[in-house]
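Structural description and commentary
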Amino acid sequence: MSPLNGSESGTEPPGLAVVLVAWLLVSVPLLWGVWQTIKKASALFR
Amino acid sequence: MAGLLSKERIVAGPNFNRWLVPPAALAIHLSIGQAYAFSVFKLPLTKVIGVSQSAPGDWKQTQLAWIFTIAIVFLGLSAAVFGRWLEHAGPRKSGVVAACCWGLGFFISAAGVSLHNIWLIYLGYGVLGGCGLGLGYITPVSTLIKWFPDRRGMATGMAIMGFGGGALIASPLSQLLLDRYRSATSVGVAETFVTLGIIYLAAMLSGAFLFRVPAPGWRPSGWLPPAPSARGLITHRQVHVDDAIKTVPFYLLWAVLFLNVTAGIGILEQASPMIQEMFKGRVRADAAAGFVGLLSLFNMAGRFGWSSLSDRIGRKATYALFLSLGPILYVTLPYAGRIGSVALFVSAAVLILTMYGGGFATIPAYLSDIFGTHYVGAIHGRLLTAWSAAGVAGPVLVNYIREYQIEHGTPAGQAYNITMYLMAGLLVVGFLCNLAVRPVPDRYYMADDQLTDRAMASARSSRPCMDIDGAE
């Protein structure tokens, strides 16, 4: 397989750690938002 | 800089992990999903001059309602106009432009609040922000479909779930920021807009720079495209965007999305007052706010759940489920009000919202099944004008019918019934449209040499001598 001249894909592909960190960075705020919404929604069941 | 953003530069190598693309997509959709939480600013924006209460000269709710409407209209327009450019420019360039529009939109709006000039907010959040919304919405979807041909529904559902999730983050975050910045002389909106603009600009740029596109001919390891069947809707061929909009299936799907979104807005627009008035004395304002929060959660969950299910049962069957269960659930709402069952009312409403979200998330995969993956971003962009139309028609329809009924003596608690029956009727029409969707006639498919010619023209217009060999 020949390299992609000048392309960023010619460098090392992202490792598993990079993928996990990327997922963590989007999951944490999303889970925080979900938690805040659940707290708010709990008023409906009181 | 142009080279740094070019599509050719981000063609992935053979060992690229495609699971890096969904978080990049989510970073963008979680940011633009803020649009659904704009209502947080409605009350503070009516007190920019008076601060503690509205003063003469302060903006009215009717003036402020236009901000969101303009943004949704420009979402559809920009997605339709720039969708084709996205396919040519690639997701990084398009993502960067979306980030700049969205971030800059907040900064201009902050200036509008500081100068108390509503036109600057219309221009900032409405026009520029709306363009950021449109480009930001279609950019990840088109890229994910190309990376996940084996799970198109799940992949696009993941990104579009982010759009629903963005509101869940933005609503409490904006409230925190408003509380932090509020003072004796300021309602804190301008400062909150600047802070949000910085956060979203950074998040969206990060997402845009993580994007890679698969090399031509790439397919997931061990995956073979399913054999096409004569009557099946899934094609391996490609329809050009200019031809797609000449076909009947495009307009049928446009109608399906328009009707599904219009009906969903019927619930979203009226959720809080509806539950309080239908169950007077039993559901107070804080519980109604909780109900709205619950709807947002199910709206988000439906985006991932239904679109993932569509990979198994097919898009047409998934929409048939939405559009057949939907009318029953809409009719259940007034019934639940009549028998006084809050539990039945809430259950029906949250199910409806899963289908509202599911409708958004499943449509890109439906389009790629019918028109192929090559121009799906551009075709999806044009179809999103249905969202804009529903964003204007839905609230107008819902509010007009309610006002008309109340003026004619209908008790407030029953003034929603006609609207719900109307929404059920819209979904029945949507069901028929979905039923009529057929494969595109042969004459619209591109010949192999046409695709090759376009690929070569594209390569000539970019970098010469690029050697791509990225098949797994």
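Throughout this document, residue positions are counted from 1 along each chain, in the order its sequence is written. The order in which chains are written sets their letters, starting at A; the order in which ligands are written sets their numbers, starting at 1. Thresholds applied to this predicted model are a pLDDT of at least 70 for local features of residues and 80 or more for the giving and counting of side-chain atom pairs; totals over whole chains, interfaces and linings are not thresholded and use all residues.

Digging into the overall build of chain B
Our working definition: Segments assigned H or I by DSSP are reported as helices when at least four residues long, segments assigned E as strands when at least two residues long, and all are numbered from the N terminus. The globule rule is 2.2 Å times the number of residues to the power 0.38, and the radius of gyration it is compared with is taken over C-alpha atoms. Exposed residues have 12 or fewer other C-beta atoms within 10 Å of their own C-beta, buried residues have 20 or more, and partly exposed residues fall in between, where C-beta atoms are placed from the backbone. Note on contacts: each residue gets a C-beta atom placed from the backbone, and two residues are in contact if those atoms are within 7 Å.
Along the backbone of chain B there are 17 helices and zero strands. Since a compact globule built from 472 residues should have a radius of gyration of about 23 Å, the 23 Å found for chain B is in line with a globular shape. Referenced to the eigenvectors of the C-alpha coordinate spread, the extents of chain B come out at roughly 70 × 50 × 35 Å. With 472 residues in all, chain B has 54% of them scored as buried. Sequence-distant contacts, at least 24 apart, represent 82% of the contacts inside chain B between residues at least 6 apart.

Points about the environment of B:Ala263
All names here are of chain B. By the secondary structure assignment, Ala263 is in helix H10 (residues 248-278). In this structure the C-alpha to C-alpha distance between Ala263 and Asp58, which are 205 residues apart in sequence, comes to 33 Å. Setting aside its immediate chain neighbours within four residues, Ala263 contacts Gly326, Tyr330, Met423, Leu426 and Leu427.

Comments concerning the packing of helix H12 (residues 315-339) of chain B against helix H13 (residues 342-371) of chain B
Residue and element names in this part refer to chain B. Threshold: Throughout, an axis means a line fitted to C-alpha atoms (over the contacting stretch in the case of helices), and angles, computed between N-to-C directions, take values from 0 to 180 degrees. Just so you know how the angles are binned, under 35 degrees is roughly parallel, over 145 roughly antiparallel, 65 to 115 roughly perpendicular, and the rest oblique. Crossing handedness is defined as follows: a turn of the near helix away from the far one that is anticlockwise and smaller than a right angle gives a left-handed crossing, while the clockwise case is right-handed. Classification used: nonpolar for Ala, Val, Leu, Ile, Met, Phe, Trp, Tyr, Cys and Pro, charged for Asp, Glu, Lys and Arg, polar for all others including Gly.
Across the interface, H12 lies against H13 with an axial gap of 9 Å and an inter-helix angle of 160°. With respect to their mutual orientation, H12 and H13 come out roughly antiparallel. Considering how the two elements wind past one another, H12 and H13 form a crossing that is left-handed. Split by residue class, the contact of H12 with H13 holds 15 nonpolar, seven polar and two charged.

Remarks on unusual backbone geometry
All names here are of chain B. In this structure, Val51 is a non-glycine residue whose phi angle is positive, near 60°. Relative to the assigned elements, Val51 resides in the loop between helix H3 (42-45) and helix H4 (61-89). For Val51, a count of 17 C-beta atoms within 10 Å translates into the label partly exposed. With a phi angle near 50°, His116 is a residue other than glycine that sits in the positive phi range. Counting through the fold element by element, His116 comes out in the loop between helix H5 (91-114) and helix H6 (118-147). Exposure remark for His116: the 14 C-beta atoms within 10 Å place this residue in the partly exposed category.

Brief notes about the domain arrangement of chain B
Residue and element names in this part refer to chain B. Filter applied, for reference: A domain assignment, automatic or from a database, supplies the domain bounds used here.
Domains assigned within chain B are domain 1 (2-217) and domain 2 (241-444). Here the C-alpha centroids of domain 1 and domain 2 sit 23 Å apart. Facing the 34 residues of domain 1 at the interface are 31 residues of domain 2. Secondary structure elements with two or more residues in the side of domain 1 that touches domain 2: H4, H6 and helix H7 (152-181). Counting residues per element, the side of domain 1 that touches domain 2 draws most heavily on H4, at 13 residues. For the side of domain 1 that touches domain 2, the per-class residue count stands at 19 nonpolar, 10 polar and five charged.

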